[in-house]
Amino acid sequence: MFGLPLVDLLVIALYFAVVISIGVWSSRRIKDQEDYFLAGRAFGKLVQTFAAFGQGTSADNAVGVTTATFTNGASGMWASLLYLFATPVYWLVTPWMRRLRLLTTGDFFQERYGSRPMAAVYAVIGSVSMMAFIAVGFAAMTATIVAMTPLDAQELSPAQQTQYEEAYQDHLRLNELTAETATVLTLDEFIERDRLAKKPAESLAESEHARRHYLAEKRPARAFSHIDPTVLIWIVCLVVAIYAVSGGLEAAFLTDTLQGLFIILLSIILIPFAWLEINNRFGGYSWMDALGTIHSRLPSSFFEVFGSPNAIDFTWYYIMAISIMSTFNVVVQPNVLVATGSAKDEYTARYGFTVGNFIKRGCTVLWGVFGLAAVVLYAGRVHHSDLVWGYATVDLLGPLNLGLVGLMIACLMAALMSSADCFMLTSSSLLTHNLYRLAVPDRTERHYVWAGRVFGALVLVGSVLIATAFDTILQLLKFIWEWNVLVAPAFWVGMKWRRANRFGAWMSIITAGLLFFIVPGALVLAMPQLRTNAYLLKATDPQPLVRTYVASAGDVAGRRAQIEQWERLAPEEQAQVPEPEPLEVGQRFVQEFRQPRKAVFWTMGIRMVRQPDGESVPAGAGQLNLELVALDWLGVDLSRNSYALNETIRILIRMILPFAILFVCTYLTPPDDQAMLDRFFAKMRTKVHRDREEDARQLALSLEDPDRLREQLLFPNSQWEFLRWGREDWGGFLLSVLAALAILLVMWWLVTLGG
């Protein structure tokens, strides 16, 4: 049934039964909105740790990092490790979220700026972003599980057979375009083809453009499953709805604790089996032998962690810019208050959130290590890198018939559901508390709890529709992630600067929304010819990258493929290209990498599109970056920069400009109500006590005398509300920095150990 043995199906059924039981049990303990949305603020460090880990780790993370490493080498780990440098900051800022003592992050904007409409706007922005995060998880989970349950060729329907034949013909066509003759690529051919596949669009022949355009629309499949992806998504959606919609955050976080263990198991289980298979296939007895084989079989460039030519855009300055942006944006995500606000006290909140995210960083390294092993085992056997995790699961774990494939499917579902439940409840709390309660006031707590359940179910349905309707969901995720620049300045400045006022916050949100999202989209809709405008099609002109390596067996094989390709050229073509020289293992050699040209102004690059007259022309794809257009128009020739530098400039503009607007507009307008500010900052100086009655008493004292804890301020005679660091602040921050460095060292050690 479903292409799985009975033992695997039993493992999956048992997992579903456990999480549903937790939801039913938790539903009986809910009395009010705080119980439903924040679990009565009663969780300790263990649950908080796995809740932070679970809601930050979805099915797309493990699959995505493995895919990036499979394609780009060790540098692909940066697909997830970009947040590593931001993690120590979590130790400092998560106590703020707990001290807010609020139900949603939307409530912050209402309490700090006295604006219910601002809270409502945040509720919409936050809810849509949460739905997109859930949708990405749905898409990644289904793609991988589909790869685990393939149909045999004789089981295909006529329609599926047609699609398969189209994809097979495309594979033959790709072999012709890259001068390959084998229909199943070897590892050596795969490495060479991967390099050739990165040719810029303008170098493709007309027939290549036409075929690419056709396949972009048809998307013929080469793998079919016993499981319908849409049905699978709806089943998982139903399970999440049963336990999370009914049981609230308590059910979500208790299941996250269980699911966190599953995710860690998911991160480890494939590695020893992959190493064993490498030793069986290529010789060896230990895990050190397996790592040695990986190094000998792959090109040396695959093991560069920083500045790899395979992922040259991950420069140190781009990584730092992304880290700074993620520091500002992640904390403003609405799920962060949910993840920290449910803790018993602020130490528990900061401990759980920081440690949980560090566990994810450690798992990222494991996903990358498996990705390197997968290149050796499956290069040329897996037609799409996104499917390598599922293919490896069936190949390595299936023959044992111990239910491990079912366990892996349960792990992937756990990774998805541990994020989906938190994101769903976060969205439902925003929609209930900051929108519905305004339209339907003065109802009972029971009424609002049921409204939250209805909104939670609607959020899940919306996420499923997004996941099943869009093929480019990852691009959507990127835009949604950047949406937080709209509200990040109002949050951060409002937290620490008393002078920040409502007008400045509104102008920051509105201006950033117009410049970065609304106006660029409206311009392209109103004037579609902008996509083919010659000036806007400007691309970078990167210089060749020259590196020196010691040749491995993979380098020797890659050079042999280059020589064979050169020998197939016509004599006049050979005269224009120097003949590659043979390599020997251990020989030092210089390799030149030609990076593809990339669009300066378009987020999704330049593509060939077919005009009504049948002619294909280059056109910008994605969103138009007006900030880069303005900078280039002012005389800064961005085509001279690397793509990484242009992306860094774009990120810095999107971070700095909204903050600058808030400061300028605040200085030009009157301050907000002083009594409102006194109440807010008196609360933020009052530490959260585990005893609820004592916490209420201390808070009442602060509200009666807003200056009672003013000695905590670093600058007590200014408008700035920076608190002095204590032993807990310094100790935790320094330990977090050391933990980040340790993860980097472990990554470097595992990557270079076999070399």
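The structure presented is a predicted model; accordingly, all values stated were derived computationally and were not measured. In this numbering scheme, every chain counts its residues from 1 along its sequence in written order. The predicted nature of this model means local features are confined to residues of pLDDT at least 70 and side-chain atom pairs, given and counted, to a pLDDT of 80 or more, with totals for whole chains, interfaces and linings taken over all residues. Just so you know, side-chain values use all the structure's heavy atoms and leave hydrogens and water out.

*Asks:* Just give me the short version of unusual backbone geometry, but keep the residues and values in it.
*Replies:* Notably, arginine 101 is not glycine yet its phi reads approximately 55°, a positive angle. Counting from the N terminus, the helices are DSSP H or I runs at least four residues long and the strands are E runs at least two residues long. Among the secondary structure elements, arginine 101 is positioned in the loop between helix H6 (87-100) and helix H7 (105-113). Buried means the residue's accessible area, taken with a 1.4 Å probe over protein chains only, is under 20% of the maximum for its type, while exposed means over 50%, and partly exposed covers the values in between. By relative accessible area, arginine 101 is classed as buried at 16%. Located in the positive-phi region is aspartate 442, a residue other than glycine, with phi close to 60°. Take aspartate 442: it is sitting in the loop between helix H18 (404-439) and helix H19 (445-469).

*Asks:* Help me get a handle on the side chain of glutamate 647, residues and values and all.
*Replies:* Mapping glutamate 647 onto the fold places it in helix H26 (residues 643-667). Separated by 3.1 Å, the side chains of glutamate 647 and arginine 650 make a polar contact. For this analysis, a polar contact is any N or O atom pair within 3.5 Å, provided that within protein one partner can donate a hydrogen and the other can accept it, and provided that sequence-adjacent residues contribute only side-chain to side-chain pairs.

*Asks:* Would you mind going over a negative patch on the surface in detail, with residue names and values included?
*Replies:* Only residues above 30% relative accessible area that lack a salt bridge enter a patch, with like-charged residues linked at up to 9 Å and the nonpolar side chains Val, Leu, Ile, Met, Phe, Trp and Tyr linked at up to 5 Å. Surface accessibility in these figures is a Shrake-Rupley result with a 1.4 Å probe; residues are shielded only by whichever protein chains are displayed. Basic side-chain nitrogens of Lys or Arg form a salt bridge, by our definition, when they fall within 4 Å of a carboxyl oxygen of Asp or Glu. A positive count includes Lys and Arg, and a negative count includes Asp and Glu. His and the chain ends are not counted in either. In this description, the location of a charge corresponds to atom NZ of lysine, CZ of arginine, CG of aspartate or CD of glutamate. Together, Glu564, Glu567, Glu579 and Glu581 line one region of the surface with negative charge. Mapped onto the elements of the fold, glutamate 579 is located in the loop between helix H24 (571-574) and strand S2 (588-593).

*Asks:* Mind laying out the environment of alanine 62, listing which residues take part and the relevant values?
*Replies:* Examined against the element boundaries, alanine 62 turns out to sit in helix H4 (residues 59-72). For alanine 62, a relative accessible area of 3% translates into the label buried. Sequence-wise, alanine 62 and serine 80 are 18 residues apart; in three dimensions their C-alpha atoms are separated by 9.2 Å.

*Asks:* An account of the packing of helix H14 (residues 316-332) against helix H21 (residues 488-496) is needed here, citing residue identities and associated values.
*Replies:* The interhelical angle for the contact between H14 and H21, taken along N-to-C directions, is 85°, at an axis separation of 9 Å. Between H14 and H21, the angle falls in the class roughly perpendicular. Of H21, the residues touching H14 (which contributes Thr327, Phe328, Asn329, Val331 and Val332) are Ala488, Phe491 and Trp492. For the contact of H14 with H21, the per-class residue count stands at six nonpolar, two polar and no charged. Note on definitions: angles span 0 to 180 degrees between N-to-C directions of axes, and those axes are lines fitted to C-alpha atoms, for helices only across the stretch in contact. Here roughly perpendicular refers to angles of 65 to 115 degrees, roughly parallel to angles under 35, roughly antiparallel to angles over 145, and oblique to all remaining angles. Contact criterion: two residues are considered in contact whenever any of their non-hydrogen atoms come within 4.5 Å of each other. Throughout this entry, Asp, Glu, Lys and Arg are counted as charged residues, while Ala, Val, Leu, Ile, Met, Phe, Trp, Tyr, Cys and Pro are counted as nonpolar. The remaining residues, Gly among them, count as polar.

*Asks:* Can you break down H14 residue by residue, with the values?
*Replies:* How far a helix is expected to stretch is found by multiplying one less than its residue total by 1.5 Å. The first and last C-alpha atoms of H14 sit 25 Å apart over 17 residues, in line with the 24 Å expected at 1.5 Å per residue. At serine 326, H14 shows its strongest bend, of approximately 25°. Within H14, twelve of the 17 residues are buried, which leaves it mostly tucked inside the rest of the structure. Regarding H14, the residues found buried are Tyr318, Ile319, Ala321, Ile322, Ser323, Met325, Ser326, Thr327, Asn329, Val330, Val331 and Val332. To get the bend at a given residue, fit one axis to the seven residues ending there, fit another to the seven starting there, and take the angle between those axes.

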